Amino acid sequence: MTTDDALTGAGAREVSTGVPVTGADLVEHVEVRSGAYHDSVTLMQASRAVAGLAGIEGALIAMGTELNLDILRGMGFAMPSAGPNDLVVAVRAVDGAALTRGLDGLDAALSRPTATRSVGGASGADVPPRTTGSALRRTSASLALVSVPGRFAFAEAMDALEGGVSVLVFSDNVPVEQEVRLKQEAARRGLLVMGPDCGTAVVGGVGLGFANAVRPGPVGLVAASGTGAQQLLCLLDAAGVGVSACLGVGGRDLSAAVGGRSTLQAMAALDADPATELVVVVSKPPAKEVADAVAERAAAMRTPTLLALLGRGRPDLTTVAARAIATTGAAVPQWPEWPPSGRQPSPCPRSGALRGLFSGGTLCDEAMVIAAAELGPVASNIPLEPEWALPDDLRTTGHAMIDFGEDRLTAGRPHPMIDPSLRLERLAVEAGDPGTAVVLLDVVLGHGSHPDPAADLAPAIRAAREARRRGSPPGELAVVVSLCGTSSDPQRRDRQAEALAAAGAHVFASNAAAARHAVGLVRPASATGNPADRSAGSTS
Amino acid sequence: MTAGAPSLGLLTADPHVVTVGAGLFAEALAAQAVPVTPVEWRPPPPGTEEDLVRVVADPRRPEANRTAMERMLAAGAELVDVRPASEALGLEAGTFFHAGPPVTWERASGPLRGALMGAAVFEGLAESPAAAETLLAAGDGIVLDSCHHHRAVGPMAGVISASMWVFELRDPGSDARAYCSLNEGLGKVLRYGAYGQDVIDRLRWMSAVLGPLLRSAVLAHGPIDVKAIVAQMLQMGDEGHNRNRAGTLMLLREVLPSLIDCDAAAKDVAEVVRFVAGNDHFFLNLAMPACKLATDAARDVPGSTVVVAMARNGTDFGIQVSGTGDRWFTGPALVPEGLYLGDYGPEDANPDIGDSAITETAGIGGFAMAAAPAIVRFVGGEVPDALAATGSMYEITLAEHPVFQVPILDFRGTPTGIDVTRVVRTGILPSINTGMAGRVPGTGQVGAGLVTPPEQVFPAALAALAEASPPVGPG
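Per chain, residues are indexed from 1 in the order of the written sequence. Both sets of labels track the order of writing: A upward for chains, 1 upward for ligands. Only residues with pLDDT of at least 70 get local features here, since the model is predicted, and only at 80 or more are side-chain atom pairs given and counted; chain-wide, interface and lining totals rely on the full set of residues. Computation of side-chain values covers all heavy atoms of the structure but excludes hydrogens and water.

### Side note on the overall build of chain A
Helical segments are the DSSP runs of H or I of at least four residues, strand segments are the runs of E of at least two, and each set is numbered from the N terminus. Helix and strand content of chain A: 17 helices and 22 strands. Put simply, chain A has 540 residues, and 57% of those count as buried. Long-range pairs, those at least 24 residues apart, make up 70% of the contacts in chain A with a sequence separation of at least 6. A 1.4 Å probe and the Shrake-Rupley method give the accessible areas. Residues count as covered only by the protein chains that appear here. Summed over all atoms, the accessible surface of chain A reaches about 20400 Å², with 53% contributed by carbon and sulfur. Buried, partly exposed and exposed residues are distinguished by accessible area as a fraction of the type maximum, computed with a 1.4 Å probe on protein chains only: under 20%, between the cut-offs, and over 50%, respectively. In what follows, residue pairs with any heavy atoms lying within 4.5 Å of each other are defined as contacts.

Shown next as structure tokens:
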């Protein structure tokens, strides 16, 4: 076996390195690597590459055939004991540093990164990657985004972590013990799991999932809620304040079982990020011990940190946004608002029910908190109190707010941010219900959302209000829209707002402001049997 | 818990996203001019999700697989001796080793029964094939066992009996051994279930002349590096399972001087040379034990999901996995799909048989089909099929072989180390490049084609791995 393209064995034997060469100010490295195979062309190219590096006086990288050993001897190197199946590495350099560079250059020349291998053609026969792991072996990615059904998400997410990248897990219905295992693995590797059930992130200037187009800036968000994050992104943008990153952590991260692992990891990452000057953590109130851990981390951060733990009796998202803006030194603006345009008189407050039809759970929550404080019980499929739960048919006679993005309503159908049909149906129902005085809707723009929500919604609003104006049934229907979007979003926020206002809606950029306005339009009823009275004594 | 550099890398790296799942995410990213690599994902078979999670979550798995693969890839293979099986394997009269997972006479298919009958006559345990059949069916004093249980492998029926001579291979790094019978040639031979007098006579000559002469040559020459021959033959159009021509010639080149030089009658030397040179598959019986040395080295690493054996007995197809010890996971052997010789057709073919799938298990054979375009037509395909066959195997394996490389793929290493979890996740089954035996004993080869293990063996192995894994927790 004397071809120089042969090999065998295992391991490397270093013969000598860093050896000063007498009579000259040089150092030498001679090494025999058995178990290393490279074809002769690769070896010639490697030799040439190493020999061309600064500070390298001579290099021979070749199989140990008699011919090559003769050449080696002729170059004056110390002779190793090598056979034709061994790879001989001989490098002569001006000093140790140059020698190290030479050997690093050799490793680079000999390694064959699969990232440069094309998938198609003769190098891989056009077989697309079938797992996240396979895709990551072919390409140097910065992130993986997993949206397979929840019971299959674990293996793909673990592939990402083992492949050395952080992962956004959009999938929901991932069992909690799998979430914990993923987050523990991520922590071990210094990576981040955004999710499960994370629909929103902005990383490296890129919107992932449902995210708004925002400018780069000093605020870093850590969000356990997608639409909560989106509302903040949009309000910050309205004030001209940009975002360094928005890291989603998934809806369950701050539970006792998960312990806020991703939240803490994300906070630390933003703390270490030079571009982030203010960190805002957004979530519903977490389990106590988790809240304590988050507060402790916040206190230890070098970067100023705002904890926005939403809920009853706590600041709303608009207040949080204002605080954040002020902290960066920017001016808190008048939040954009688009009253109904044209010759339509503004609706007057009158008695009747307030019905909220939401696509974002956090936005629905925020509106309910604001409404319940003034109006008493608000029925819902995500009720603030268990006894305020809506029946399965989602019908009631009093105030109600429905989260159409909730699991039961999205089983087997697209999310309401993509497909408006369910909400439009309900809008028509509310229009036909004489007891309904105000309909409150959120419209969430940005990447991933419906490309032109106003195209469907404006005609529906116009038709609903028109029907009421004609008296079937009687009583004006006021429509209030909380429009969550930025002027850079693909849907073009201002055009959406104008179309909705032209249809008769009163549009607000601030969800809290929209909710307050809607509440103001509904006068609490007198004792008429209106369910709003039922627990008048228990309003907060 | 501190954020290491990678989390920071997340924030500052140039975005390039791998997406798996709903296409709209890849579209939304493309709309932002972000490079996207979408995964062509399919769900695994129903009922495997929980086992998959448990095995993927096993904290031992990455390191265990790394260890198993290091050992598999580093194992060497030298031919060091040729000896009677009675010495080398301790085979006693009445005991027969066979290919594939353990099987009984009752369940054995035609070619295996025929081979056992022929071997019984060869050993002098029965006067005739009919008497042998009666003896084997009765079972008194007869022991059947898998070659694999004795560090051996055998092609097709793979029957090894006491008087047969076997190659002895050694891994110089660990001193481990593997054995294989000597290849009889093509046509009506024992391994295809033939048991006629010509078969017996040939076996006798192989034990009396071929074995001893090869032994003298090997001992005189010194150990022959079989792994190095495999590396070279892959670059000469062989893949090590269905095509071994270059390997056979390189072996012959090695032993010829010592053969000529040893103190044997020139006539015998000539017959040996003629025999080896005339059998393009002779080297198969060296490639196989070389692969067995590699896969055996990867055995018994707790938590490892690497397949260490794929073998068929003509009735069942069995796999063994590093993390589950000696357990076999079996299912019905399938009939290969490919081309038939002469007038033969699918009804003539026996289900898949032989230990030769050890070649695919070690990263050659069907996995190296891209190196052997000449064979692809023989199995009914075209050249792009050969490239695609190797290409898809990368999806289910853990490593690219540092030594076995495919020139047309830019010298990329062959896909090596089948991972049970990846097979289940992708639904891609290992592709085996094989000859087809005739169902009727003694027919010989009826064709060649591609075959896979029966699907169910991988979920079965996965379930066993899951049982042996810790419950899913923070770890």
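### What to know about the overall build of chain B
In terms of regular secondary structure, chain B is built from 17 helices and 18 strands. Using C-alpha atoms as the atom set, the radius of gyration is obtained and then compared with a globule rule of 2.2 Å times the number of residues to the power 0.38. Computed over C-alpha atoms, the radius of gyration of chain B comes to 23 Å, within 12% of the 23 Å expected from 2.2 N^0.38 for 475 residues, which places it in the range of a compact globule. Taken along its principal axes, the extent of the C-alpha atoms in chain B is 80 × 50 × 45 Å. Sorting the 475 residues of chain B into buried and exposed places 63% on the buried side. In chain B, of all internal contacts separated by at least 6 residues, the share reaching a separation of at least 24 is 72%. As displayed, chain B offers around 16100 Å² of accessible surface, 54% of which is attributable to carbon and sulfur atoms. Chain B carries 32 positive and 53 negative side-chain charges, and their two centres are separated by 2 Å. Think of it this way: Lys and Arg go in the positive column, Asp and Glu in the negative one, and His and the chain ends go nowhere. Here the site of a charge means NZ on Lys, CZ on Arg, CG on Asp, or CD on Glu.

### Structural notes on the packing of aromatic side chains
Any Phe, Tyr or Trp ring, taking Trp's six-membered ring, that has another such ring centre within 6.5 Å forms a pair; planes under 30 degrees apart are called stacked, those over 60 apart edge-to-face, and the others tilted. Applying the stated criterion to the full structure yields five aromatic pairs over all chains. Where Phe152 of chain A meets Trp41 of chain B, the ring centres are 5.4 Å apart and the plane angle is 55°; that geometry is what we call tilted. With one member in each of two chains, Phe152 of chain A in the loop between strand 5 (143-146) and helix 5 (153-162) and Trp41 of chain B in the loop between strand 2 (36-38) and helix 3 (49-57) form a pair that bridges those chains. Exposure remark for Phe152 of chain A: the relative accessible area of 9% places this residue in the buried category. Between Phe170 of chain A and Phe210 of chain A, the ring centres sit 6.1 Å apart and the planes meet at 50°, which makes this aromatic pair tilted. Of the two residues, Phe170 of chain A is situated in the loop between strand 6 (166-169) and helix 6 (176-189) and Phe210 of chain A in the loop between strand 9 (206-209) and strand 10 (219-223); the sequence distance between them amounts to 40 residues. A connected cluster of aromatic rings, assembled from ring pairs, spans Phe170 and Phe210 of chain A together with Phe25 of chain B. Of note, Arg92 of chain A hangs over the ring of Phe77 of chain A, and the distance from its end group to the ring centre comes to 4.3 Å. Placement of a charge over a ring requires the Lys NZ or Arg CZ to be within 6 Å of the ring centre, with the centre-to-atom vector within 35 degrees of the ring normal. Here the guanidinium or amino end of Arg412 of chain B rests over the ring plane of Tyr394 of chain B, the centre of that ring lying 3.6 Å away.

### Re the pattern of salt bridges
Residues and elements named next belong to chain B. By salt bridge we mean one thing: a side-chain nitrogen of Lys or Arg within 4 Å of a carboxyl oxygen of Asp or Glu. Under the definition given, this model contains 48 salt bridges over all chains. A salt bridge links Arg177 to Asp175; its shortest N-O distance comes to 2.8 Å. Residue Asp175 is classed as partly exposed on the basis of its relative accessible area, which comes to 41%. Among the charged side chains, a salt-bridge network with shared partners connects Glu78, Arg83, Glu87, Glu168, Arg170, Asp175 and Arg177.

### Regarding a nonpolar patch on the surface
All names here are of chain B. Only residues above 30% relative accessible area that lack a salt bridge enter a patch, with like-charged residues linked at up to 9 Å and the nonpolar side chains Val, Leu, Ile, Met, Phe, Trp and Tyr linked at up to 5 Å. On the surface, Leu341, Tyr344 and Phe378 cluster together into a nonpolar patch covering about 240 Å² of accessible area. When you line up the elements, Tyr344 lands in the loop between strand 13 (337-340) and strand 14 (353-354). The exposure class of Tyr344 is partly exposed, given its relative accessible area of 34%.

### A look at helix 2 (residues 23-31) of chain B
All names here are of chain B. By the burial criterion, the buried members of helix 2 are Phe25, Ala26, Ala28 and Leu29. The arc that holds the buried residues of helix 2, viewed along the axis, is 160°, so those residues lie on one side. Facing away from the buried side of helix 2 by more than 90 degrees, the exposed set consists of Glu27 and Ala31. One or two positions beyond helix 2, positive phi appears at Ala33, with a value near 60°. What the arc covers is the set of directions going from the helix axis to the C-beta atoms.

### A look at the pairing of strand 16 (residues 412-418) of chain B
All names here are of chain B. The buried fraction of strand 16 is high, at seven of seven residues. Taken together, the five bridges between strand 15 (residues 397-406) and strand 16 define a ladder with antiparallel strand orientation. For Glu400, the partnering residue across the bridge sits in strand 16 and is Pro415. Whether two strands pair depends on DSSP finding at least two bridges between them. If you look at the hairpin formed by strand 15 and strand 16, you'll find five residues sitting between the two strands, and Asp410 has a positive phi there, around 65°.

### Some thoughts on the interface of chain A and chain B
A common way to state how big an interface is: give the accessible area lost once the parts meet. The interface of chain A with chain B comprises 79 residues on the first partner and 69 residues on the second. A salt bridge links Arg425 of chain B to Glu156 of chain A, with the shortest nitrogen-to-oxygen separation between them at 2.8 Å. Under the rule applied, a polar contact is a pair of N or O atoms within 3.5 Å (in protein, one hydrogen donor and one hydrogen acceptor; residues adjacent in sequence only if both atoms are side-chain atoms). In this structure, the connection of chain A to chain B is made through 20 residue pairs in polar contact (both at pLDDT 80 or more). Secondary structure elements with two or more residues in the side of chain A that touches chain B: helix 4 (132-138), strand 5, helix 5, helix 6, strand 9, strand 11 (243-248) and helix 8 (261-272) of chain A. The leading source of residues in the side of chain A that touches chain B is helix 6 of chain A, at seven residues. Three categories are distinguished: nonpolar for Ala, Val, Leu, Ile, Met, Phe, Trp, Tyr, Cys and Pro, charged for Asp, Glu, Lys and Arg, and polar for the others, with Gly belonging to the last. Residue composition of the side of chain A that touches chain B, by class: 39 nonpolar, 24 polar and 16 charged. Sheet topology note: the strand 5 of chain A/strand 1 (residues 17-20) of chain B ladder contains four bridges and is parallel. When the bridges of strand 1 of chain B are listed, Ala144 of chain A appears paired with Val18 of chain B.

### Brief notes about the packing of helix 10 (residues 245-261) of chain B against helix 11 (residues 266-277) of chain B
All names here are of chain B. To define axes, lines are fitted to C-alpha atoms, for helices over the stretch in contact only, and angles between the resulting N-to-C directions are given on a 0 to 180 degree scale. As a packed pair, helix 10 and helix 11 sit with axes 10 Å apart at the nearest point and diverge in direction by 175°. When the axes of helix 10 and helix 11 are compared, the pair comes out roughly antiparallel. Residues Thr248, Leu252, Leu256, Leu259 and Ile260 of helix 10 form the contact with helix 11, whose participating residues are Val269, Val272, Val273, Val276 and Ala277. Here the contact of helix 10 with helix 11 is composed, by residue class, of nine nonpolar, one polar and no charged. Under this scheme an angle from 65 to 115 degrees is roughly perpendicular, one under 35 degrees roughly parallel, and one over 145 degrees roughly antiparallel; angles in between are oblique.

### Re helix 11 (residues 361-375) of chain A
Residue and element names in this part refer to chain A. Over its 15 residues, helix 11 runs 20 Å from end to end, which matches the ideal 21 Å to within 8%, given 1.5 Å per residue. Extensive coverage of helix 11 is indicated by the burial of twelve of its 15 residues. Of the residues flanking the end of helix 11, it is Gly376, one or two places downstream, whose phi is positive at about 90°. Each helix should span, by expectation, one fewer than its residue count multiplied by 1.5 Å.

### So, the pairing of strand 18 (residues 445-451) of chain B
Residues and elements named next belong to chain B. Along strand 18, six of the seven residues are buried, which leaves the element largely enclosed by surrounding structure. Sheet topology note: the strand 13/strand 18 ladder contains four bridges and is antiparallel. Across the sheet, residue Gly338 finds its bridge partner in strand 18, namely Gly449. Both strand 17 (residues 432-437) and strand 18 contribute to a ladder of six bridges, which runs antiparallel.

### Remarks on the confidence of the model for chain A
Residue and element names in this part refer to chain A. Mean pLDDT over chain A: 87, with 87% of residues reaching 70 or higher. One number per residue, pLDDT, summarises how confident the predictor is, and it ranges from 0 to 100. Counting interchain partners and residues more than four positions distant, the pLDDT-below-50 stretch residues 112-125 has 36 contacts. Contacts of residues 526-540 to residues separated by more than four positions or lying in other chains number 16 contacts, the stretch itself having pLDDT below 50.

### What about the confidence of the model for chain B?
On average, residues of chain B carry a pLDDT of 94, and 98% of them reach 70 or more. Scoring the predicted complex yields pTM 0.83 and, for the interface, ipTM 0.93.

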